[in-house]
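Examining the three-dimensional arrangement
Here is how the chains run, residue by residue.
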Amino acid sequence: MRTAQRLTVPIQLDRDLPEPLQAQLAAQLGDAIRAGRLAPHTRMPSTRTLSAALGVSRGVVLAAFEKLLAEGCVEGRHGSGTYVSGGTEPAPPGGRRPAPGELVDLRRGRPSEQGFPLAAWRSAWRRAAGRTPPDGGLLPPGGLPELRAAISAYLCEARGLVLDRHEIVVAAGYGDALELLLRGHCGGRRPVIALEDPAPPQLRAAYARLGTVLPLPADGAGARPDLIPRGCDVVAVLPERGDPLGTRMPYERRRALAAWARRTGGLVIEPAFDGLLDRVEVVPSVLAVGGGEGVAMVGTFRDVLTPSLRLAFAVAPRRTAERAASAQPSYACQLALADLLASGAVGRRAARLAAQYAAKRTLVRQALAAYPGIRLLGADTGASVTLLLPGRMEARAVLERLRGRRIAVAELGPYYQRPGGMHTLGNGLVLHYGHLDGVTLRRVLRILTRTLGTTARGRTVA
């Protein structure tokens, strides 16, 4: 017989509030779990025990537990009860328009929350939470077979990839996926990595934690394979949509990268999905062009689902995958994503996002493309745009004035590892707008155009 479990955190339910009791209970328990006041693997009180302690019906407690299961905060164990998950799983996005006076942040890319497949998300997590983990809680090396198969099928559908010389390896995050590739390729040696320049600062930081990063100059057609520094072990590129320039690498350069890998024994790493939501012309990936074991991919589902989903994967050459090992996401997390992929929810979500972003790009081009002296980069794909400013208009001044209007954007300069070098475009701003609803995006664009005008005339924005 199990011993009754006592709840160790205070719960205050107020019947006078408009919020239902089950929502109050789920919110307070979820906050306690995320704050660590309820430790991972702690057994929760039974619904009968908790309902008696709080003076509510068992239905209220059951509904609260179901919400926590859907959010991945707790997990059910057959015949044993409900336990706090081993790690905090992501809550689904809750779309909300920024309140007046609240900072609107356009510095980092985030997916739109409009049309998020909430029902499919909750169902997948509920089913996953009801499954019993393997004996001892040990997961298969490389990830659950059903998730690896689902990712492979999605890559075949989205990119036309048939992986006959590569393996899918699941990791707990983007950095873990990179690390397993670099360790598998270079062993214990710290690699020298040529990274496309410019590139997002956070991507450069992720590589810098694992090796020595050198800039690989990019121009209007992407990274320059003819300028790969001597002695590099790894080349990291963004061929589908170079951020922040919005470039797409032509087929000839992809062939040149694959040839470099064959000739030197090096490894080329490319993203699995970046920029693919709205492509109109299919160009084979570097991996497809190369075909051999010198190309790998790293991917996540953050841009389609939610950034809080702590799961990534590597498409690793077989010899690298055999030597690779990494921390894995929870059992429930892997099962839930496998469910979402197999059901087609991820593919349908990607298609809806493509339509949303196309409409938002139209708004951006209408507002900014004809502005005197402004040049737009990347305005025809994706959900971000780079504004190259005329010399009379300093990017830092525009950035600071926008900040005064509660809008945060990124400056182009920090995207370059070596400012002032070949192909450097320094005076510009980078805006990520995919997460904004239509009303907020229109407001941002109005403020932006007014700020550009007043900055050009040397006046302070009121």
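Going by the structure above, here's the rest.
For the structure given in this document, a descriptive report is provided here. From a predicted model like this one, the values you see are computed outputs, not experimental measurements.

**Some points on the overall build of the protein**
- Counting its regular elements, the protein contains 14 helices and 16 strands.
- Radius of gyration (C-alpha) of the protein: 24 Å, near the 23 Å computed for a compact globule of 462 residues.
- Principal-axis analysis of the C-alpha atoms places the extent of the protein at approximately 70 × 60 × 35 Å.
- Pairs at least 24 residues apart make up 71% of the contacts formed inside the protein by residues separated by at least 6 positions.

**Some words on helix α13 (residues 395-404)**
- Among the residues of α13, those classed as buried are Ala395, Val398, Leu399 and Leu402. Seen end-on, α13 carries its buried residues on one side only, within an arc spanning 100°.
- Just past α13, the residue Arg406 takes up positive phi, approximately 65°.

**Some remarks on the pairing of strand β9 (residues 267-271)**
- Across the five residues that make up β9, a large majority, five, are buried.
- Burial along β9 is two-sided: Leu267, Ile269 and Pro271 and Val268 and Glu270, pointing in opposite directions, are all buried.
- In the sheet, strand β8 (residues 234-236) pairs with β9 via three bridges, with the strands oriented parallel. Across the sheet, Val234 pairs through a bridge with Leu267, a residue of β9.

**Quick notes on the nonpolar core**
- Core analysis: the largest hydrophobic core is formed by 52 residues, its most contacted members being Leu155, Phe301 and Leu305.
- Looking at this core, the element that brings in the most residues is helix α11 (residues 331-342), giving nine residues.
- If we ignore the near neighbours within four places in the chain, the residues touching Leu155 are Gly160, Leu161, Leu163, Ile168, Ala272, Phe273, Phe313 and Val315.
- Ranked by size, the runner-up nonpolar core spans 31 residues in total, among them Tyr357, Leu389, Val409 and Leu436.

**Focus on the sheet that holds strand β4 (residues 166-171)**
- Judged by pairing direction, the sheet is mixed, and its eight strands sit side by side in the order β4-β11-β10-β9-β8-β5-β6-β7 without closing on themselves. Two strands close off the open sheet at either side, each with one partner strand: β4 and β7 (222-223).
- Bridge analysis of strand β5 (residues 192-197) against β8 gives three bridges, and the strand direction is parallel. Its bridge partner lying in β8, Ala194 is registered against Val235.
- Along the sheet, helix α8 (residues 251-264) contacts β6 (212-219), β7, β8 and β9; its crossing angle with β9, the most-contacted strand, is approximately 140°.

**Overview of the sheet that holds strand β15 (residues 410-411)**
- Taken together, four strands build an open sheet; the order of strands is β12-β13-β16-β15 and the sheet is antiparallel. Since the sheet does not close on itself, it has two edges, and those belong to β12 (375-377) and β15, each with one partner.
- α13 contacts β15 and β16 (428-432) of the sheet and is inclined by roughly 40° relative to β16.

**Examining the packing of aromatic side chains**
- This structure, assessed with the given rule, holds seven aromatic pairs.
- Look at Tyr154 and Phe301: their rings are 6.1 Å apart centre to centre, the planes differ by 55°, and that puts the pair in the tilted class. Taken together, the positions of Tyr154 in helix α5 (residues 145-159) and Phe301 in the loop between β10 (295-300) and β11 (312-317) put the pair 147 residues apart, joining distant regions of the chain.
- Owing to a relative accessible area of 10%, Tyr154 belongs among the buried residues under this scheme.
- The rings of Tyr154, Phe273, Phe301 and Phe313 are connected pair by pair, giving a single aromatic cluster.

**Notes on the pairing of β5**
- With five of six residues buried, β5 lies mostly within the body of the structure.
- Alignment of β5 against β6, held across six bridges, turns out to be parallel. Opposite Asp197, over in β6, you have Pro217 as the bridge partner.
- Taken together, β5, helix α7 (residues 201-208) and β6 constitute a β-α-β crossover, and its handedness is right-handed.

About the thresholds
- Residues numbered from 1 in each chain as written.
- Predicted model: local features only at pLDDT ≥ 70, side-chain atom pairs only at ≥ 80, totals over all residues.
- Heavy atoms only, no water.
- Helix = DSSP H or I, 4+ residues; strand = E, 2+ residues; numbered from the N terminus.
- Rg over C-alpha atoms; globule rule 2.2 N^0.38 Å.
- Contact = heavy atoms within 4.5 Å.
- Buried < 20%, exposed > 50% of the residue type's maximum accessible area, 1.4 Å probe, protein only.
- Arc of directions from axis to C-beta.
- Pairing = 2+ DSSP bridges.
- Core = buried A, V, L, I, M, F, W, Y, C linked by side-chain atoms within 4.5 Å.
- Axes fitted to C-alpha atoms, helices over the stretch in contact; angles between N-to-C directions.
- Phe/Tyr/Trp six-rings, centres within 6.5 Å; stacked < 30°, edge-to-face > 60°.
- Right-handed = clockwise from strand over helix to strand, strands pointing away.

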